[in-house]
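Descriptive analysis of the structure
Spelled out from the first residue to the last, the chains are:
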Amino acid sequence: MNTNSNVYTVIYTTVVVTIVAAVLAFVASKLGPAQNANAKAETLRQMMSAAGIKPTDELYATKNADILQLYADNIDEAYTIDLKGEKNGELGTAMENIQLVDKLKPQNKAIKAEGEVTLPVYVFKSGKVVILIYGAGLWGPVWGYIAFEHDCHTIAGAYFDHEGETPGLGAKIKDEPWFREKFAGKTVEWGEDPAFRLEKNAEATGATNAVDAITGATMTSKGLNEALNVWFKAYENHLGLGAFFNMLEEHAISETPNAEEE
Amino acid sequence: MAQKLKETILNPILKGNPITVLVLGICSALAVTVQLKGALVMALSVIIVTGLSSLVCSLLRNTIPNRVRIIVQLVVVAMMVILVDQILKAGEGTYAIDKQLSVYIGLIITNCIVMGRIEAFALGNKPIPSLLDGLANGAGYGLILVIVAFFRELLGSGTLFGFQVLPDSYIPNNLVILPPFALILIGCIIWVHRAFDKDLQE
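As the structure is a computational prediction, the values presented were derived from the model and not from experiment.

**Description of the overall build of chain A**
Regarding its fold elements, chain A presents seven helices and eight strands. Compactness check: chain A gives a C-alpha radius of gyration of 23 Å against a globular reference of 18 Å for 262 residues, more than 25% above the reference. Buried residues in chain A amount to 35% of all 262 residues. Long-range pairs, those at least 24 residues apart, make up 56% of the contacts in chain A with a sequence separation of at least 6.

Spelled out as structure tokens, the structure:
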């Protein structure tokens, strides 16, 4: 048979491409659920690491199925808000409602354009409130989970991840526990500009809303700093107001007994 | 026959090593050798892709229209690479490694070794020798990858497979982590290789 004729070539390539497409489609549909479960479990691990449900190592040693159970046991409510800080959707506490990182990129654009957003807020039974941040690092996106104490002012914990920052430099935002641990106990000053500083020598100023940038990872640090401030700004109307009312409440409680003592 | 098979397997690992002698597949060798674990998974992925692609192309070798043979090879290689990537993503234990290797698994398709072996060997040989040739070339690539990753992780992070082996007093060298150092290391390996193998000297 003449394998160089036009008809043969066209039929041959058509058949080969069809077979390959069928194989890939079949595999993708078979493996899809497992991949999705992996991605969701990863999101939950990082979120619960930030919220301090369990140490990060333990979370990563826990199987996917147990991670789901742990999340279901600890989550109180999950909802989304718009830029005005008003609720515009319930995420529910079920697994299907976990927002994966790929949803954050369009949100990030919408925040900057002041468009329609559905920013997720996760409230855990421990009272900790977890929000997300997302931005551009040096090589690709960086994102993270910031957990607030009940007062919506003090950071309880954080977890950062990235797609492809330089290992040993920018990748430290994920790989080095000391970096994320530095965020615990810091505050976010709602209403101030910037609300948070991740800059060179920031800690030396003594401000409570400052963390030092990573040496050698200037662009990653800058990107993360921007991601933090852009998203804090977006959450400001919701959490900032929450923080204000919490403060009023605390003052009301602490002042009454004092008044009696006097 | 046995002698020829032995040569098919050993030649790509030693005398005709794709990285140190043919200088192919350098790009990914620089990118994924920061940690041993990633390098090992990458090496295994490339071994599987080169092996299976060579096998399939060898099986098809008498039917492929000559004018579109590169395109057909590309389709076969791309399918293998996507399969490997999808399987890594689906495994509970391999998900994190796949994330760490990010685009480089997908970029195996552009690895010159895969296409090079299909063009040079699989299209002119029977399926079994082609499979072995593909596997061996992948192994030759993987061997260098693992050697480079061993030194880069040890000197760059003070760890091996993520476990700390050097004392805390060792300050990790940041240069080692950057891609240029991988090139220097590969240069050193080529130097050592040529010093020992007189046939390679010009």
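**A closer look at the nonpolar core**
Core analysis: the biggest nonpolar cluster contains 106 residues, and Val130, Ile146 and Ala147 of chain A have the highest contact counts within it. The dominant element in this core, judged by the number of residues it contributes, is helix α3 (residues 36-60) of chain B, at eleven residues. Leaving out residues up to four positions away in the same chain, Val130 of chain A has contacts with Met47, Ala50, Ala51, Tyr122, Phe124, Tyr145, Ile146 and Ala147 of chain A.

**Considerations on the environment of Lys126 of chain B**
Here Lys126 of chain B lies in the loop between α7 (112-120) and α8 (127-157). Sequence-wise, Lys126 of chain B and Val72 of chain B are 54 residues apart; in three dimensions their C-alpha atoms are separated by 18 Å.

**Observations regarding the confidence of the model for chain A**
The predicted structure's coordinates, where accompanied by low pLDDT, should not be read in detail. Residues with a pLDDT of 70 or more make up 92% of chain A, whose mean pLDDT is 85. Predicted confidence in chain A is weakest over helix α7 (residues 218-261) of chain A, with a mean pLDDT of 77, and strongest over strand β5 (residues 141-148) of chain A, with 93.

**Some points on the sheet that holds strand β1 (residues 75-81) of chain A**
Within a beta sheet, neighbouring strands are joined by backbone hydrogen bonds and run either parallel or antiparallel to one another. Residue and element names in this part refer to chain A. What the six strands build is an open sheet, ordered β2-β1-β3-β4-β5-β6; its pairing is antiparallel. Only two strands of the sheet have a single neighbouring strand rather than two, namely β2 (87-90) and β6 (155-162). Strand-to-strand twist of the sheet, defined as the mean angle between neighbouring strand axes without regard to direction, takes the value 25°. The sheet contact formed by β1 and strand β3 (residues 119-124) spans six bridges and is antiparallel. What sits directly across from Glu77, in β3, is Val123. Each of β3, β4 (129-136), β5 and β6 is contacted by helix α1 (residues 6-50), which is oriented at about 150° to β6, the strand it contacts most.

**Comments concerning the environment of Gln99 of chain A**
Residues and elements named next belong to chain A. Tracing the chain through its elements places Gln99 in the loop between β2 and α4 (104-112). Given 18 C-beta atoms within 10 Å, Gln99 falls into the partly exposed group. In sequence terms Gln99 and Asp66 are 33 residues apart; their C-alpha atoms lie 19 Å from each other.

**Re the interface of chain B and chain A**
Across the boundary between the two partners, chain B contributes 24 residues, which contact 25 residues of chain A. Of all elements in the fold, only α4 (69-90), α8 and α9 (174-177) of chain B reach the threshold of two or more residues within the side of chain B that touches chain A. Looking at the side of chain B that touches chain A element by element, the count peaks at ten residues for α4 of chain B. Partitioned by chemical class, the residues of the side of chain B that touches chain A number 13 nonpolar, eight polar and three charged.

**Structural notes on the packing of α3 of chain B against α4 of chain B**
All names here are of chain B. Running from amino to carboxyl end, α3 crosses α4 at an angle of 145°, the nearest separation of the two axes being 9 Å. In this structure, α3 crosses over α4, and the sense of that crossing is right-handed. Listed contacts from α4 to Ser45, Ile48, Val49, Leu52, Ser53, Val56 and Cys57 of α3 are Gln73, Val76, Val77, Met80, Val81 and Val84. A class-by-class count of the residues in the contact of α3 with α4 yields ten nonpolar, three polar and no charged.

**Observations regarding α7 of chain B**
All names here are of chain B. All of the buried residues along α7 are Ile113, Val114, Arg117 and Ile118. Along the long axis of α7, the arc covered by the buried residues comes to 125°, so they all point the same way. Along its buried surface, α7 packs onto α3, α4 and α8.

Scoring rules and cut-offs
Residues numbered from 1 in each chain as written. Chains lettered and ligands numbered in written order. Predicted model: local features only at pLDDT ≥ 70, side-chain atom pairs only at ≥ 80, totals over all residues. Helix = DSSP H or I, 4+ residues; strand = E, 2+ residues; numbered from the N terminus. Rg over C-alpha atoms; globule rule 2.2 N^0.38 Å. Buried ≥ 20, exposed ≤ 12 C-beta atoms within 10 Å, placed from the backbone. Contact = placed C-beta atoms within 7 Å. Core = buried A, V, L, I, M, F, W, Y, C linked by C-beta atoms within 7 Å. pLDDT = per-residue confidence, 0-100. Pairing = 2+ DSSP bridges. Axes fitted to C-alpha atoms, helices over the stretch in contact; angles between N-to-C directions. Nonpolar A, V, L, I, M, F, W, Y, C, P; charged D, E, K, R; others polar. Left-handed = near helix turned anticlockwise from the far one by under 90°. Arc of directions from axis to C-beta.

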